[in-house]
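Survey of secondary and tertiary structure
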Amino acid sequence: MDTEFSPSKQLGLWVSAVLLVTMLALLFVLVVNPGGIGIALLLPWRIAAGALLSGLLLGLVSRVYRLLTTRYILGRGGLALRWGLRREVIPMSAVQWIRPVTDFQTRLPRPVGALPGMIFGARKVPGLGPVEYAASDSSSLLLVAASGRYFAISPRDPETFLGLYERLSELGSLVSYEPHSESLDTLRKKIWQDKIARGLLGGGLAAGLAVLALAFALAGTRAEITWTTLEQVGSSQVFLLAFFSLFIWLLNFGVGLYFYLRGGMEKAMIYLLWAGSILTSLLLAAAMLILAL
């Protein structure tokens, strides 16, 4: 019978909450401009800062998703690792050893961009090569060696995990796992071969960027617009609609990708979800033009 382990999540979720609130507050200041500052101050650096914050926010959401979905499944057939869209299934015969990183004389370096409670990514380690991290606690890291590949994990109870691994490796496997690997590259190849998915995702992104370009055009040619409350407001408010359009595309993109890779939803429904992003962008573009009239 397989046993499932998971990493500690509390620290990572607290750090994520603080960073999320901070980023949203900064985006609010940059985009909404609540202080009544004129359009003259809507300089390129503010737009660049907003784009950078949006990218960081997306990266944070991705890390939280990986943290919430991280699982280490250990059985007589082998070891299965899952985090985010990544999945590695390793037969027991391919697992060479699992050891705490404290057994090594040199400190295992962390991947670039690792946050407290969220240690994800890959890092080239001298003497080992690339090491993939799917962990949350640097003090309880275990290093898994499997057919020349290395994974750093942190089950909540590492001693129990190691004890179970030792017992199972001694017993041997009745039915070995089939080796399997899934990653973002796997998903990218699947989508690239699907003409409908490729067209809808590309069309959704193009529509969102077109709405953003329209927002720049309106903000640069008008000082004020009539808002939904029928009040005259600074034209920079149209960026709210543009960013909302891109947010809807990102949300539908992420949800659709999850079900596209994992299954559980008909492809027609996923296509409809992605098509909804295009329709939303068109409606928001029309709304922006009406507000600017």
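Only a predicted model underlies this, so the values are computations on that prediction, with no experimental measurement involved.

**With respect to the nonpolar core**
Grouped together as the largest cluster of nonpolar side chains are 31 residues, with contacts concentrated most on L74, L79, I98 and F161. Put simply, the parts of the chain that give this core at least two residues each are helix 1 (10–32), helix 2 (44–69), strand 2 (71–75), strand 3 (78–83), strand 5 (95–100), strand 8 (142–146), strand 9 (149–153) and helix 3 (158–171). Once residues lying within four places of it in the same chain are set aside, the contact partners of F161 are F5, Y72, L74, L79, I98, L142, I153 and P155. Of all hydrophobic cores here, the second largest spans 19 residues; its members include I225, A242, M288 and L291.

**Structural notes on the sheet that holds strand 1 (residues 3–5)**
Here we have 5 strands laid out as an open sheet, ordered 1-2-3-4-10, and antiparallel in their pairing. The open sheet is flanked by strand 1 and strand 10 (180–182), the only strands paired with a single partner. For this sheet, the mean angle separating the axes of adjacent strands, direction not counted, is 15 degrees. Each of strand 1, strand 2 and strand 3 is contacted by helix 3, which is oriented at about 30 degrees to strand 2, the strand it contacts most.

**What about the packing of helix 4 (residues 184–193) against helix 5 (residues 195–221)?**
Two measures define how a pair of helices packs: the angle their axes make with one another and the distance between the axes. Between helix 4 and helix 5, the least distance of the axes is 5 Å, while the angle of their chain directions is 100 degrees. The orientation of helix 4 relative to helix 5 falls into the category roughly perpendicular. Along the contact surface, helix 4 presents I191, W192 and Q193, while helix 5 presents K195, A197, R198 and L201.

**Examining the packing of aromatic side chains**
Following the criterion strictly, the structure yields 5 aromatic pairs and no others. Their ring planes at 75 degrees and their centres at 5.0 Å tell us that F5 and F161 sit as a pair that is edge-to-face. Remark: F161 occurs in helix 3 and F5 occurs in strand 1; sequence separation between them is 156 residues. On the basis of relative accessibility, which here comes to 10%, the residue F5 falls in the buried class. Geometrically, the ring pair formed by W97 and F104 is tilted, given 6.1 Å between the ring centres and 45 degrees between the ring planes. What makes W97 partly exposed here is its relative accessible area of 25%. By the ring-pair criterion, three or more aromatic residues cluster together here, those being W97, F104 and Y150. One cation-aromatic arrangement involves R99 over W97; the distance from NZ or CZ to the ring centre is 5.6 Å.

**Regarding the environment of L171**
Relative to the helices and strands, L171 resides in helix 3. L171 sits 95 residues away from R76 along the chain, and the two C-alpha atoms are 7.7 Å apart.

**Focus on the pattern of salt bridges**
Side chains carrying opposite charge are able to pair once their charged atoms draw close together. The tally for this structure, following the rule as stated, stands at 7 salt bridges. Between R86 and E132 there is a salt bridge; the shortest N-O distance is 2.6 Å. Remark: E132 occurs in strand 7 (residues 129–135) and R86 occurs in strand 4 (residues 86–91); sequence separation between them is 46 residues. Among the residues examined, R86 registers a relative accessible area of 14% and is labelled buried. Taking the shortest distance from any N to any O, the salt bridge between R99 and D103 comes out at 4.0 Å. With relative accessibility at 33%, the residue R99 sits in the partly exposed group. By relative accessible area, which is 44% here, D103 ends up partly exposed. A single network of salt bridges, built from pairs that share partners, joins R86, E88, E132 and R149.

**Notes on the sheet that holds strand 5**
Pairing is mixed in the open sheet, where 5 strands are placed in the order 5-8-9-7-6. Strand pairing shows two members of the sheet lacking a second neighbour, strand 5 and strand 6 (119–125), which therefore form its edges. Direction aside, neighbouring strands of the sheet carry axes that sit 20 degrees apart on average. Both strand 7 and strand 9 contribute to a ladder of 4 bridges, which runs parallel.

**So, the packing of helix 5 against helix 7 (residues 267–292)**
Put simply, helix 5 and helix 7 touch, their axes get as near as 9 Å, and they point 15 degrees apart. Considering their axes alone, helix 5 and helix 7 lie roughly parallel with respect to each other. Helix 7 is crossed by helix 5, and the crossing has left-handed handedness. Facing helix 5, whose interface residues are I196, A197, L200, L201, G203, G204, A207, G208, V211, L214, A215 and L218, helix 7 presents Y271, W274, A275, I278, S281, A285, M288, L289 and A292.

Basis of the calculations
Residues numbered from 1 in each chain as written. Predicted model: local features only at pLDDT ≥ 70, side-chain atom pairs only at ≥ 80, totals over all residues. Heavy atoms only, no water. Core = buried A, V, L, I, M, F, W, Y, C linked by side-chain atoms within 4.5 Å. Buried < 20%, exposed > 50% of the residue type's maximum accessible area, 1.4 Å probe, protein only. Helix = DSSP H or I, 4+ residues; strand = E, 2+ residues; numbered from the N terminus. Contact = heavy atoms within 4.5 Å. Pairing = 2+ DSSP bridges. Axes fitted to C-alpha atoms, helices over the stretch in contact; angles between N-to-C directions. Parallel < 35°, antiparallel > 145°, perpendicular 65-115°, else oblique. Phe/Tyr/Trp six-rings, centres within 6.5 Å; stacked < 30°, edge-to-face > 60°. Lys NZ or Arg CZ within 6 Å of the ring centre and 35° of its normal. Salt bridge = Lys/Arg side-chain N within 4 Å of Asp/Glu carboxyl O. Left-handed = near helix turned anticlockwise from the far one by under 90°.

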